[in-house]
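Architecture at a glance
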Number of protein chains: 2
Amino acid sequence: MSEAFQDAYPDELAHCYGCGRENASGLQLKSFWDDEETVARYSPRPEHTAMPGYVYGGLIASLVDCHGTGSAAAAGYRAHGREQGSEPALRYVTASLQVDYVAPTPMGVELELRGRIEEVGERKVVVAQSVTADGTEVARGRVVAVLMPDAMVAK
Amino acid sequence: MSEAFQDAYPDELAHCYGCGRENASGLQLKSFWDDEETVARYSPRPEHTAMPGYVYGGLIASLVDCHGTGSAAAAGYRAHGREQGSEPALRYVTASLQVDYVAPTPMGVELELRGRIEEVGERKVVVAQSVTADGTEVARGRVVAVLMPDAMVAK
């Protein structure tokens, strides 16, 4: 299997709670290409409840966020004909996040996020997403990601 | 100080990862009235990083989500002239969540969320929010909350 988008982030930019391999307490979401779509899978932890039996919407928003910025990085590299992870790093942050919850999300099921690249600009990438649980769509998301400002890089 | 909106949720609906008092691993966000606005404060944990030094956007989305549904419940009780927490419980879930990130959010600062009730309908409440860190607005949010479907109540 190819390397996850997030595993190609440089070490100093791999501490994200949602997807950083350097964040031991975090969710460690991993996203991959599947043809023209991007895909990530995540099994919510028992504490990630909304009402008992259902998954917390804030967790879903977090997954959409990280699958969005990860997909943006992958799309940026692809659009520039560059190898994933090559320097200077293409690392994106979220400018805008939209999630529509279309059905209650049952606990105990692996969630799948599928991303479609809607737009790749010089600094901006837009990623539309569908989140499914056991084949049922439970949420739709949209992330506007922008290249990380230089000021955010720790000195 | 008055009781937090979330502390008035019935026990069986108080397991939310973002704001349930029965969720020991969760964020336990608490929201209150401040005149016509609603307010909540939260200090991110050390692991809630995006890039080192900055707060994870998915955490902010989670706080906006729970402050939104909490504010919706409070607004619902107020609109119906009912005492907070009185039965049958007014418990809302998120139909739609929008967050615009307007500035990087520094770690080590308590965040404040302020909600403004934009609309209170029979089943739907819309809450606009502003998130600040040390007086600087870092995000704007909007939650469309709807009364929880009966099917979500654990039998």
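Here's a quick rundown of the structure. (Residues numbered from 1 in each chain as written. Chains lettered and ligands numbered in written order. Predicted model: local features only at pLDDT ≥ 70, side-chain atom pairs only at ≥ 80, totals over all residues. Heavy atoms only, no water.)

Helices and strands together make up the secondary structure of chain A, namely one helix and six strands. Reading the helices (α) and strands (β) of chain A from amino to carboxyl end gives β-β-α-β-β-β-β. Structurally, chain A occupies a C-alpha span of about 45 × 30 × 30 Å along its principal axes. Going through the 155 residues of chain A one by one, you find that 54% of them count as buried. For chain A, the share of sequence-separated contacts (at least 6 apart) that also reach a separation of at least 24 residues comes to 59%. Looking at chain A as shown, the accessible area adds up to about 6,400 Å², and 49% of this sits on carbon and sulfur atoms. Measuring between centres, the 14 positive side-chain charges of chain A sit 3 Å from its 22 negative side-chain charges. (Helix = DSSP H or I, 4+ residues; strand = E, 2+ residues; numbered from the N terminus. Buried < 20%, exposed > 50% of the residue type's maximum accessible area, 1.4 Å probe, protein only. Contact = heavy atoms within 4.5 Å. Areas by Shrake-Rupley, 256 points an atom, 1.4 Å probe, with all protein chains shown as cover. Lys, Arg positive; Asp, Glu negative; His and termini not counted. Charge placed at Lys NZ, Arg CZ, Asp CG, Glu CD.)

With 39 residues of chain A in contact, the opposing surface of chain B contributes 38 residues. Here chain A meets chain B over a buried area of about 3,000 Å², counting both sides, of which 58% is carbon and sulfur. Where chain A meets chain B, there are zero salt bridges. Where chain A packs against chain B, one counts 22 residue pairs in polar contact (both at pLDDT 80 or more). Of all the secondary-structure elements, those providing two or more residues to the side of chain A that touches chain B are helix 1 (57–79) and strand 3 (92–101) of chain A. Looking at which element gives the most residues to the side of chain A that touches chain B, the answer is strand 3 of chain A, with ten residues. (Buried area = accessible area lost by both parts, 1.4 Å probe. Salt bridge = Lys/Arg side-chain N within 4 Å of Asp/Glu carboxyl O. Polar contact = N/O pair within 3.5 Å; in protein donor to acceptor, adjacent residues only side chain to side chain.)

For the rest of this paragraph, the subject is helix 1 of chain A. All names here are of chain A. For helix 1, which comprises 23 residues, the first-to-last C-alpha distance of 32 Å matches the rise-based estimate of 33 Å (1.5 Å per residue) to within 8%. Summarising burial for helix 1: 21 of the 23 residues are buried, a large majority. Positioned one or two residues after helix 1, Gly81 has a phi angle of 65°, which is positive. (Expected span 1.5 Å × (residues − 1).)

Taken together, twelve strands build an open sheet; the order of strands is 1(A)-2(A)-4(A)-5(A)-6(A)-3(A)-3(B)-6(B)-5(B)-4(B)-2(B)-1(B) and the sheet is antiparallel. Whereas interior strands pair on both sides, the edge strands pair on one side only; in this sheet they are strand 1 (31–34) of chain A together with strand 1 (31–34) of chain B. The sheet shows a mean angle of 25° between the axes of neighbouring strands, direction not considered. Sheet topology note: the strand 2 (residues 37–42) of chain A/strand 4 (residues 111–120) of chain A ladder contains six bridges and is antiparallel. Following the sheet pairing, Glu37 of chain A is matched in strand 4 of chain A by Arg116 of chain A. Here helix 1 of chain A sits on the sheet in contact with strand 1, strand 2, strand 3, strand 4, strand 5 (124–133) and strand 6 (136–147) of chain A together with strand 3 (92–101) of chain B, set at roughly 135° to strand 3 of chain A. Against the sheet, helix 1 (residues 57–79) of chain B makes contact with strand 3 of chain A together with strand 1, strand 2 (37–42), strand 3, strand 4 (111–120), strand 5 (124–133) and strand 6 (136–147) of chain B, and its axis sits at roughly 135° relative to strand 3 of chain B, the strand it touches most. (Pairing = 2+ DSSP bridges. Axes fitted to C-alpha atoms, helices over the stretch in contact; angles between N-to-C directions.)

Moving on, we get to the environment of Gln84 of chain A. Residues and elements named next belong to chain A. Within the secondary structure, Gln84 is located in the loop between helix 1 and strand 3. For Gln84, a relative accessible area of 24% puts it in the partly exposed group. Sequence separation between Gln84 and Phe5 is 79 residues, and the spatial gap between their C-alpha atoms is 7.5 Å. Not counting the four nearest positions on each side in its chain, Gln84 is found in contact with Glu3, Ala4, Phe5, Ala8, Ala74 and Tyr77. A polar contact is formed between the side chain of Gln84 and the backbone oxygen of Ala4, at a distance of 3.5 Å.

At a minimum axis distance of 8 Å, the contact between helix 1 of chain A and helix 1 of chain B shows a crossing angle of 150°. As far as their axial angle goes, helix 1 of chain B and helix 1 of chain A are roughly antiparallel. Crossing of helix 1 of chain A against helix 1 of chain B: the hand is right-handed. Residue-level contacts link Gly57, Gly58, Leu59, Ala61, Ser62 and Asp65 of chain A of helix 1 of chain A to Gly57, Gly58, Leu59, Ala61, Ser62 and Asp65 of chain B of helix 1 of chain B. Here the residues of the contact of helix 1 of chain A with helix 1 of chain B sort into four nonpolar, six polar and two charged. (Parallel < 35°, antiparallel > 145°, perpendicular 65-115°, else oblique. Left-handed = near helix turned anticlockwise from the far one by under 90°. Nonpolar A, V, L, I, M, F, W, Y, C, P; charged D, E, K, R; others polar.)

One pass over the full model with this rule turns up four aromatic pairs over all chains. Pairing Phe5 of chain A with Trp33 of chain A gives two aromatic rings, centres 5.7 Å apart and planes at 65°, and the pair type is edge-to-face. Of this pair, Phe5 of chain A sits in the segment before strand 1 while Trp33 of chain A sits in strand 1, and the two are 28 residues apart along the sequence. Residue class for Phe5 of chain A comes out buried when judged on its relative accessible area of 3%. Judged by relative accessible area, Trp33 of chain A falls into the partly exposed class, the value being 22%. Between Tyr17 of chain A and Tyr56 of chain B the ring centres are 5.8 Å apart and the planes differ by 50°, which places this aromatic pair in the tilted class. (Phe/Tyr/Trp six-rings, centres within 6.5 Å; stacked < 30°, edge-to-face > 60°.)

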